[in-house]
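This is what each chain is made of:
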Protein chains: 2
Amino acid sequence: MNPKAKRLPLESESSDGIGLSLGQQVRAHVLEKIDSGEWREGDRIPSESQLADQFDASRMTIHIALRDLAVEGVLVRRQGAGTFVAARRRQSTFLELRNIHSEIEERGNRHTTDVISLERVHCDMGLATEMNVAPGSELYHSVLLHRENGRPLQIEDRFVNPRFSPDFLEQDYTQITPHQHLMATGPLEEVEHIIQAVPADERSRELLVMAPGDPVLLLRRRTWSRGMVATSARLYHPGSRFSMAGRMVVAR
Amino acid sequence: MNPKAKRLPLESESSDGIGLSLGQQVRAHVLEKIDSGEWREGDRIPSESQLADQFDASRMTIHIALRDLAVEGVLVRRQGAGTFVAARRRQSTFLELRNIHSEIEERGNRHTTDVISLERVHCDMGLATEMNVAPGSELYHSVLLHRENGRPLQIEDRFVNPRFSPDFLEQDYTQITPHQHLMATGPLEEVEHIIQAVPADERSRELLVMAPGDPVLLLRRRTWSRGMVATSARLYHPGSRFSMAGRMVVAR
DNA sequence: TGTATTTAGTTGTATATACGTTTAAGACAT
DNA sequence: ATGTCTTAAACGTATATACAACTAAATACA
């Protein structure tokens, strides 16, 4: 690299990095490439030297920026091989977006889905609050029954914001899960979970083939994407056949 | 600092850092000081220059080591002020060690505890497996009723390994919670949580003053410390008055 | 006494350089 | 086709230096 004038600290002229230090610009650049999807999981990103040329920075500056991202788990670096986009961080079991499909398959069992209903609805006040839309707005509503080896395990009662997923009703939910479709539709930004034990209502008792007196373990989940409530789901499970477990090693 | 001979990479002579790079030695040193309790939360640690002298390293080497620890959340660094030991990382709501006392107080309510029983027991096969001790071993057993503003909210049914906390039975659980006592007894290493919805048994219905048909939200928790199962607890909550909620922003 | 101002100390950022370590791919011989 | 060797490329670690930015305490001043 040619000798270059000392740059004025904290005074950067780059088009997309106003006010950011060089290292921060590099960081932002990498995160933007990943967020935009241009660089995907496992992709190799440009080498330190290439980025150093591109940003007119020294290799050490690039090195430290990438190193930080590696410590944070965004990148994986392999000496001699290169720098790669890390696999998305797994969340802890409870807060993980529990995907009934993967869950069942991980146990080596067969997952099937019955579509109970799939329709447009207009929301009432309560639902409008829940989905953060205007009362009376159109929403998509699906009710599915998930089975493990034929045995009912979960009723998925879901409302979807059409603005988030306009083609939600056109999918074949015997083939993919709404979860899969929605995850492919937009980036997950925030999740809210509420766990409750409730008495079984009639629909649950019938669809889930529950014994009298057996309560329901209800998981309510709202997810945010692109700044809106993308979907709100109620997941009903038979208390006698379903529990949620998580184990964690305490940090430090 | 005096000019010093180039050190042979990866060949360190320090007493407690055999085979570790300089940066790793610094890292290990800092973590050891924190783990041993010599440096506590909020303490200011030696400056980069002091550590550089101490390790006969350049300030940049120290800087990068401390910077990494800051990214990981072990340290907090304030330009101009110094480097401090960070507060212990909070865990996410679900997996957080839910402490009924803080939970109630955070809502601005009054927490009281009834001691239902507190005794020595000898464990059967199932309990021995659960606590990972020999069948017939002595265990401590406590049953407490936690109230929020006088209203029953949780039955805490707990077994404790005497080897972990020999003085468990001598505490006054109307004043402190077992949770507080146990946390002060040893470092938390691992936690297992299982959440279930179960029909209310007679004891729960009575103690928790539950309506007929109201199910119990049961949280089972085992914690490991110093390599053993320190305690196993069953926390019973009235389904109609209790839910667990958690909200998280998705990483990245 | 109370308020600015200065100053020493500390971290933040960046560069240029040097050499070690690891990986993957190509060359080559078998 | 297979295995070995070489080599270029990529990351890892460390140093010395320079200056910017910030903080807290000391100092000067009104």
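Now for a description of the structure that goes with this document. (Residues numbered from 1 in each chain as written. Chains lettered and ligands numbered in written order. Predicted model: local features only at pLDDT ≥ 70, side-chain atom pairs only at ≥ 80, totals over all residues. Heavy atoms only, no water.)

Residues and elements named next belong to chain A. Taken in spatial order, the three strands line up as E1-E3-E2 in an open sheet, and their pairing is antiparallel. Both edges of this open sheet fall to strand E1 (44-45) and strand E2 (75-78), since each of them pairs with a single strand only. Inspection of the sheet shows E2 paired to strand E3 (residues 82-85) by four bridges, in the antiparallel sense. From the neighbouring strand, Leu-75 faces E3, where its bridge partner is Val-85. On the sheet, helix H3 (residues 59-71) packs against E1, E2 and E3 and is oriented at approximately 115° with respect to E2. (Pairing = 2+ DSSP bridges. Helix = DSSP H or I, 4+ residues; strand = E, 2+ residues; numbered from the N terminus. Contact = heavy atoms within 4.5 Å. Axes fitted to C-alpha atoms, helices over the stretch in contact; angles between N-to-C directions.)

Bringing the protein's contact with DNA strand C into the picture now. Taken together, 29 residues surround DNA strand C, and among them Leu-22, Thr-61 and Arg-78 of chain A together with Arg-59 and Arg-77 of chain B come closest. Each atom of DNA strand C within 4 Å of the protein was classed as base or backbone; sugar and phosphate made up 69%. The side chain of Thr-61 of chain A places a nitrogen or oxygen atom 2.4 Å from a phosphate oxygen of DNA strand C. One nitrogen or oxygen atom from the side chain of Thr-83 of chain B is found 3.1 Å from a phosphate oxygen belonging to DNA strand C. Among the elements of the structure, helix H1 (22-35) and H3 of chain A together with helix H3 (59-71), strand E2 (75-78) and strand E3 (82-85) of chain B are those that each provide at least two residues to the surface near DNA strand C. Element by element, the count of residues in the surface near DNA strand C is highest for H3 of chain B, at four residues. (Near = heavy atom within 4 Å. Polar contact = N/O pair within 3.5 Å; in protein donor to acceptor, adjacent residues only side chain to side chain.)

To continue, consider the pattern of salt bridges. All names here are of chain A. Applying the stated criterion to the full structure yields 24 salt bridges over all chains. A salt bridge links Glu-156 to Arg-158; its shortest N-O distance comes to 2.8 Å. Judged by its relative accessible area of 4%, Glu-156 is buried. For Arg-158, a relative accessible area of 5% corresponds to the buried category. Between Glu-192 and Arg-222 there is a salt bridge, with the nearest N and O atoms lying 2.9 Å from each other. Residue Glu-192 is found in strand E7 (residues 190-198), and its partner Arg-222 is found in strand E8 (residues 216-225); the two are separated by 30 residues along the sequence. Glu-192 sits in the buried class, given a relative accessible area of 16%. Overlapping salt bridges bring together Glu-48, Arg-59 and Arg-77 as one network. (Salt bridge = Lys/Arg side-chain N within 4 Å of Asp/Glu carboxyl O. Buried < 20%, exposed > 50% of the residue type's maximum accessible area, 1.4 Å probe, protein only.)

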